[in-house]
Amino acid sequence: MASYQAPRGMRDLLPEEAAGMDALLAVVQARALRYGYPRMVTPVVEERRVFIKTTGESSDVVSKEMYEVRLGGEGDLALRPEATPAIARAFLDAGLHRSPRPQRFFAYEAMFRGQRPQKLRYRQFWQWDLECFGAPEASVDVEIIDFTNGLFREVGLTGYEIRLNTIGDDRCRARVRETLAAYFRRHLDALSEVSKRRVETNVLRVLDSKEPQDRPLVDGAPAILDLLCDEDRRHFADVREGLTGLGVPFTVTPTLVRGLDYYTRTVVEFVLTAPEYEGIAVAGGGRYDGLFRTMGAEDMPGTGIAGGMDVLYYALKQEGVAVAEDPKPDVYVVSARPDDAANRMQLAAPLRDAGFTVAIDYSTRPLDRQLESAVKHGAKVAIIAGTPEARGGYVIVRDLTKKEQRNTRLAAVVTEVGRHVRPRPLPTLWRPPADPDQMEQGAAGETPYLQDPRD
RNA sequence: GCGGCAUUGGUGUAGCGGUUAGCACAGCAGAUUGUGGAUCUGUUAGCCCGGAUUCGAAUUCCGGAUGCCGCCCCA
């Protein structure tokens, strides 16, 4: 047992997991970009009040799961428990509420909650996140749900269902709250302790109670949908219609209310259905038209959704999806000569430039040991230097899987290696695109550009 | 945060008051003056931490830490 261990509820992502998370991130981020959501990055810590005012003092996330940090004697900071308030803060901080609306953002960050760890529930976990500020239309609600559904289809996740509900906007919800509170107050004695408290703090959560003794009362409670205003009902109808039109399946779940205070109208959860992970949410979100007002800013509608990257990763693994390529190097350089480290590096250089993943054995062990080690490190190809037959500008390229090899001129090593393993694409910085005027026009037989009669 | 169960080399485990704490895999070294995952030999490495009971504790008890399950809630 090691003397040191990761802090409670936190864990290390070893290379295989890290590679998986990177691969997922690449997919999510590219998809976000395609939907018009560029990435924004915010600090790991925020002032506590950023979350207290928005996520809500009565929410569990704030009331008992905030991971607080201090610098010297100063407190009032917390590791971010979720993305939305932080992004809204950054948005206001930068004056982006003056920019043309709506504004869309993607985020991918580690989140922290001081909860008791359990399967797929950590104190540090990673979320991808979409936020759209400044659009009141139900279509944006549809858009983020469609995005998420499409994302899961893209990565191959099948075992989940979409739960959808509406909780009304600020004005109508006041009436919903009053009506429900009044109803539950009449039957207070029959309620569980938690629910009794929630009647006063957040009555909607009583509907979500899992206490068996609350079931009859909850079942007999007035339905939220019946208490909403016409606009809320229309909004919800538009969301459902939009989803149905896109072929996105969902289940209306009247008891779904979610624990964050800022939600209005649409709330949605993507819940895993596999037996091992049943009931675990892999994404969740909704509309929060009141968020900016709670932050003291001018009113602005908003919609967002967040997904657990860890949950997604493990759910995919559980479904047998190969998330990422093995991060082990494909090529290993070994040598029979003890003191030729520089030569081994020179052999690796052109292969690396060509995109192959190459590791070097610098040891002076016997060749058989080095080859055995190369195999155990997962290499597919070995470059063998320093043997009698590989003298005078030659080297052996050996396919460790097929156990075939070829004495190869140095100039041909890259080509020869390419016959056995594929190079990885090299990431690049942005380069200017080719001049559109020089691109072939009307290649598909269409008129190159639409004419505007005003021109 | 509440309740329950668990914790033995790197990994998986045996041990159930007195054992040099056993085994398998992995690691390292050699047999093999050098083209490998085999075999054999050797070797490294462990009772989560602290206290108590006892002549004696990996084993019992109490605290703590961590993990898992349920609750709460959520990604």
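Residues numbered from 1 in each chain as written. Chains lettered and ligands numbered in written order. Predicted model: local features only at pLDDT ≥ 70, side-chain atom pairs only at ≥ 80, totals over all residues. Heavy atoms only, no water.

Student: Looking at this structure, how should I read the pairing of strand S11 (residues 331-335)?
Tutor: As a general feature of sheets, a regular strand has side chains that alternate between the two faces. Most of S11 sits out of view: 5 of its 5 residues are buried. Here S11 shows no split at all, with Val 331, Val 333 and Ser 335 on one side and Tyr 332 and Val 334 on the other all buried. Taken together, the 3 bridges between S11 and strand S12 (residues 358-360) define a ladder with parallel strand orientation. Looking at S12, one finds that Val 331 is bridged to Val 358. Bridge count between S11 and strand S13 (residues 381-385): 5 bridges; the pairing is parallel. Paired with Val 334 across the strands is Ile 384, a residue of S13. (Buried < 20%, exposed > 50% of the residue type's maximum accessible area, 1.4 Å probe, protein only. Helix = DSSP H or I, 4+ residues; strand = E, 2+ residues; numbered from the N terminus. Pairing = 2+ DSSP bridges.)

Student: What's the story with the pattern of salt bridges in this structure? I'm lost.
Tutor: Between side chains of opposite charge, pairing is possible as soon as their charged atoms come close. Summed over all chains, the structure comprises 30 salt bridges. Across the pair Asp 310 and Arg 11 runs a salt bridge whose closest N-O atoms are separated by 2.6 Å. Here Asp 310, found in helix H12 (residues 309-318), pairs with Arg 11, found in the segment before helix H1 (15-34); they are 299 residues apart in sequence, far enough to count as distant. Asp 310 sits in the buried class, given a relative accessible area of 2%. For Arg 11, a relative accessible area of 19% corresponds to the buried category. The residue Arg 424 makes a salt bridge to Glu 325 at a minimum N-O spacing of 3.4 Å. Of this pair, Arg 424 sits in the segment after helix H15 (413-418) while Glu 325 sits in the loop between H12 and S11, and the two are 99 residues apart along the sequence. The class for Glu 325 is exposed, based on a relative accessible area of 54%. (Salt bridge = Lys/Arg side-chain N within 4 Å of Asp/Glu carboxyl O.)

Student: Explain the sheet that holds strand S6 (residues 160-166) to me, please; I cannot follow it from the model alone.
Tutor: Across a sheet, paired strands are connected by hydrogen bonds in the backbone, their directions being either parallel or antiparallel. Strand order across the open sheet formed by 7 strands is S4-S5-S10-S9-S8-S6-S7, with mixed pairing between neighbours. Sheet topology places strand S4 (103-112) and strand S7 (251-252) at the edges, where each strand pairs with a single neighbour. When S6 meets strand S8 (residues 264-272), the two strands line up antiparallel, connected through 7 bridges. Residue pairing for S8: Arg 163 is matched across the bridge by Glu 269. Across the sheet, helix H10 (residues 230-246) touches S6, S7, S8 and strand S9 (281-287), and the angle it forms with S6 is around 160°. Across the sheet, H12 is in contact with S4, strand S5 (124-133), S8, S9 and strand S10 (302-308); its angle to S5 comes to roughly 115°. (Contact = heavy atoms within 4.5 Å. Axes fitted to C-alpha atoms, helices over the stretch in contact; angles between N-to-C directions.)

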